[in-house]
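A closer look at the structure
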Amino acid sequence: MRKYLVLAFLLFLCYLLQASVLPAAAFGGIMPNLLIIFVASCGFMNGEICGLVTGFVCGLLVDVFGGDVIGFYALIYMIAGYINGMFQRIFYPEDIKLPLILILGSDIGYGLVCYCLLFLLRSRLDIGFYALHVILPEAVYTIVIAFAVYPLLLIIHKKLDAAEKGSRE
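Report on the accompanying structure.

What counts and how
Residues numbered from 1 in each chain as written. Predicted model: local features only at pLDDT ≥ 70, side-chain atom pairs only at ≥ 80, totals over all residues. Heavy atoms only, no water. Helix = DSSP H or I, 4+ residues; strand = E, 2+ residues; numbered from the N terminus. Rg over C-alpha atoms; globule rule 2.2 N^0.38 Å. Buried < 20%, exposed > 50% of the residue type's maximum accessible area, 1.4 Å probe, protein only. Contact = heavy atoms within 4.5 Å. Areas by Shrake-Rupley, 256 points an atom, 1.4 Å probe, with all protein chains shown as cover. Salt bridge = Lys/Arg side-chain N within 4 Å of Asp/Glu carboxyl O. Core = buried A, V, L, I, M, F, W, Y, C linked by side-chain atoms within 4.5 Å. Expected span 1.5 Å × (residues − 1). Arc of directions from axis to C-beta.

As a further point, take the overall build of the protein. Scanning the protein from terminus to terminus reveals six helices and zero strands. Starting at the N terminus and walking to the C terminus, you meet the elements of the protein as α-α-α-α-α-α. The C-alpha radius of gyration of the protein comes to 16 Å, within 12% of the 15 Å expected for a compact globule of 169 residues. Along the longest, intermediate and shortest principal axes, the C-alpha atoms of the protein span 60 × 30 × 30 Å. Counting only residues that meet the buried cut, the protein has 42% of its 169 residues in that class. Of the contacts made within the protein by residues no fewer than 6 positions apart, 68% connect residues no fewer than 24 positions apart. Of the roughly 9,400 Å² that the protein leaves accessible, carbon and sulfur atoms contribute 73%.

Moving on, we get to the pattern of salt bridges. Enumeration over the complete set of coordinates arrives at three salt bridges. The salt bridge partner of R89 is E48, with a shortest N-O separation of 3.3 Å. In this pair, R89 is assigned in the loop between α4 (72-85) and α5 (97-118) and E48 in helix α3 (residues 48-64), connecting sequence segments 41 residues apart.

One finds F38, F44, Y73, Y77 and C114 to be the most contacted residues of the largest nonpolar core, which totals 42 residues. Secondary structure elements with two or more residues in this core: α1 (2-21), α2 (34-46), α3, α4, α5 and α6 (127-168). Here this core gets 10 residues from one element, more than from any other, and that element is α2. Sequence-distant contacts of F38, defined by excluding residues within four places in its chain, comprise L7, L10, L11, C14, T54, C58 and L153.

For the rest of this paragraph, the subject is α1. The end-to-end C-alpha distance of α1, which contains 20 residues, comes to 27 Å, matching closely the 28 Å that a straight helix rising 1.5 Å per residue would cover. Taken together, the buried positions of α1 are occupied by K3, L7, L10, L11, C14, Y15 and Q18. With its buried residues spanning 135° around the axis, α1 presents them on a single face. Along α1, the residues that are exposed and aim more than 90 degrees away from the buried face are R2, L5, F9 and S20.

Let us look at the environment of A139. Within the secondary structure, A139 is located in helix α6. For A139 and L98, which are 41 residues apart along the polypeptide, the C-alpha to C-alpha distance reads 16 Å. Residues contacting A139, with those up to four places away along its chain left out, are L104, D107 and I108.

Okay, structure coming up:
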């Protein structure tokens with residue numbers, strides 16, 4: 001139970017940072033996606049269901065407090081959380097390559113889905129411009145931030161798992 005309360009607190013904290021602090025750290029209008037880092041981390045650390053639920057709540061927060069279409073971001077974050085959760089079986093806490101690759105892939109996938117559903121359907125066909133000026137810079141910025149945020153999330157995950165295992169014995 002404590003694990004889920006801590007995850008809910010972290011989710012709320014990540015959303016607050018994403019909505020209030022990170023816009024001030026934007027370079028050329030591009031800011032890192034802290035929620036993708038959190039959803040992907042919850043997915044591959046805790047499994048598909050946790051990734052799915054975390055993604056839904058993150059997306060719902062984005063939809064309710066700033067999205068154009070209710071349910072759009074909830075669906076994108078849910079898919080990202082679920083897909084990352086499928087990698088729990090091959091997740092090893094000591095290996096940082098897989099989590100960073102999954103976070104990068106999730107952010108690029110998020111950018112592509114947003115392009116397709118928000119721009120392509122409105123006949124804005126210049127995907128090269130969007131990829132070079134929005135998707136790739138955001139992905140690079142997100143990975144740079146993930147180098148700092150992911151180890152913190154991993155430490156919290158290890159402590160919560162140790163406390164959970166200790167309470168079962």
